[in-house]
Amino acid sequence: MTSSLPVAEQDLLARISADAIVDLTTALIAEPSENPGGTEAGTVGVLADACRTAGLGVEVVEAAPGRPNLIATLGERSARGTVLFLGHSDVVPAGDGWTADPFAAQVRDGRLIGRGATDMKGGLAAIVAAMSALADIGIDGRVEFVCTVDEEAGGLGARSYVASRADRADDVIGAIVAEPTALRAVHAGRGTANVDVDVSGKAAHSGRPDDGCSAIAVAGQILTVIADDGRRLATNPHPDLGPATWNVGTIVGGQGINVVAADCRMGVDRRLLPDEEIAVVADGLRARIADLALPDEASVTVTVDSETPAFATALDHPITIAAADALTALGRDPVPRVWSAACDAGFLYRDLGIASIVLGAGDINTQAHQVDESVPVDDLVTAAQLYALIARRLVG
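**Section: the sheet that holds strand β5 (residues 111-113)**
Alright, step 1. Across the sheet, which stays open at both edges, the three strands sit in the order β4-β5-β16 with antiparallel pairing between neighbours. Bordering the open sheet on either side are β4 (106-108) and β16 (374-376), each of which pairs with just one other strand. For this sheet, the mean inter-axis angle between neighbouring strands, taken without regard to orientation, is 30°.
Alright, step 2. Strand direction decides the pairing type here: β4 and β5, joined by three bridges, are antiparallel. By the bridge assignment for β5, Val-107 is matched with Leu-112.
Alright, step 3. Along the sheet, helix α4 (residues 117-137) contacts β5 and β16; its crossing angle with β16, the most-contacted strand, is approximately 50°.

This is how it looks when you write it as structure tokens:
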């Protein structure tokens with residue numbers, strides 16, 4: 001398919017090496033960077049060295065002690081603008097059940113296997129390969145690559161990056177986030193927030209339940225409030241993403257069958273639509289709970305544990321069009337999709353107003369976060385080619 005491209009673009013893509021991508025992905029996987037753990041520094045060190053070798057400017061900035069973001073740049077700011085690539089250095093814990101060492105990557109039947117192969121150390125290597133090829137031919141604009149820490153948990157790295165970039169994002173045309181989408185362009189995705197609802201009551205002997213206040217019974221009333229709000233949300237869906245949703249995933253409470261429960265805790269997932277703020281959502285839940293006729297001994301605390309915002313990029317935005325055109329050029333399905341997952345693109349959208357596309361090798365549903373995680377090597381090469389084409393056509 002690349003033979004139909006202009007000669008200059010064929011030359012660009014010919015500079016992308018499968019061996020180089022596999023070697024860098026393997027080296028990145030060898031640095032575990034499991035989250036929780038705060039151990040991303042080794043991965044970032046390997047990535048920084050690779051970026052320097054590729055001729056990129058490199059800055060390493062701590063988002064928290066021992067947890068560094070990486071910012072690599074190619075070219076200078078100009079009227080052509082900036083294309084931003086975004087990835088993350090952390091991975092979920094490997095867990096048990098692997099058929100080989102999860103941090104000693106291997107290629108088997110054309111697939112690279114190891115924790116982070118698809119989510120998303122392969123994506124990081126594909127970005128570096130694309131930027132290395134662009135560095136070889138030169139560009140008129142600027143390409144920036146940001147690798148954040150803590151994407152799999154609280155978004156610490158992304159929040160640190162957007163806070164530092166708030167006054168200088170106007171030149172960014174758009175962002176490509178290298179999460180695994182099976183090489184499909186994703187132009188919108190709901191956000192997510194974890195909300196803790198803690199209920200306190202009063203313990204008593206179960207033979208005299210009126211002497212106490214059951215926190216579990218109060219939690220039951222709150223469950224009804226959440227269900228009612230879910231039905232309300234279902235009547236006002238986003239045109240692309242559908243409705244915001246609630247899901248009560250965990251409930252823990254009480255100390256024994258013969259004791260009136262003095263405490264109950266619920267872990268609640270709230271899927272967010274673009275422009276929704278979880279602080280406002282949480283205030284709304286608190287207000288609905290306050291309207292309940294609860295016993296005097298009951299108290300309820302609603303706490304937001306974490307948040308990743310939603311994003312939605314217009315189908316006619318230059319970054320969406322560039323992604324579709326590059327996919328078409330390489331014989332891939334160009335139709336943009338929406339995503340069921342959440343990622344750091346939401347922070348770019350909400351806090352910096354940067355339009356984003358999520359596009360990467362590997363499948364988030366069948367490979368990410370799973371035992372024997374793997375990604376096709378050919379797809380990593382295609383991802384790198386897509387990244388290089390998109391950047392060249394926008395700022396090259």
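**Quick notes on the pattern of salt bridges**
Alright, step 1. For the coordinates displayed, the defined rule picks out 27 salt bridges.
Alright, step 2. Asp-150 is paired through a salt bridge with Arg-67; the nearest N and O atoms lie 3.6 Å apart. A residue pair is termed long-range when its members are at least 10 positions apart, and Asp-150 in the loop between β6 (142-148) and α5 (156-165) and Arg-67 in strand β2 (residues 67-75) qualify at 83 residues. The pair Asp-150 / Arg-67 is uniform in exposure class, with both members buried.
Alright, step 3. With a shortest N-O distance of 3.6 Å, Asp-140 and Arg-80 are connected by a salt bridge. Of the two residues, Asp-140 sits in the loop between α4 and β6 while Arg-80 sits in the loop between β2 and β3 (82-88), which places them 60 residues apart along the sequence.
Alright, step 4. By relative accessible area, Asp-140 is classed as exposed at 51%.
Alright, step 5. In the salt-bridge network here, residues are joined through shared partners; they are Arg-77, Arg-142, Glu-144, Arg-165 and Asp-171.

**Considering the state of the cysteines**
Note: disulfide means a covalent bond formed between the sulfur atoms of two cysteine side chains.
Alright, step 1. A complete count under the given rule lists zero disulfides for this structure.
Alright, step 2. Left unpaired, Cys-213 is separated from the closest cysteine sulfur, that of Cys-264, by 11 Å.
Alright, step 3. Assessed through its relative accessible area of 2%, Cys-264 is described here as buried.

What counts, and where the lines are drawn
- Residues numbered from 1 in each chain as written.
- Predicted model: local features only at pLDDT ≥ 70, side-chain atom pairs only at ≥ 80, totals over all residues.
- Heavy atoms only, no water.
- Pairing = 2+ DSSP bridges.
- Helix = DSSP H or I, 4+ residues; strand = E, 2+ residues; numbered from the N terminus.
- Axes fitted to C-alpha atoms, helices over the stretch in contact; angles between N-to-C directions.
- Contact = heavy atoms within 4.5 Å.
- Salt bridge = Lys/Arg side-chain N within 4 Å of Asp/Glu carboxyl O.
- Buried < 20%, exposed > 50% of the residue type's maximum accessible area, 1.4 Å probe, protein only.
- Disulfide = S-S within 2.5 Å.

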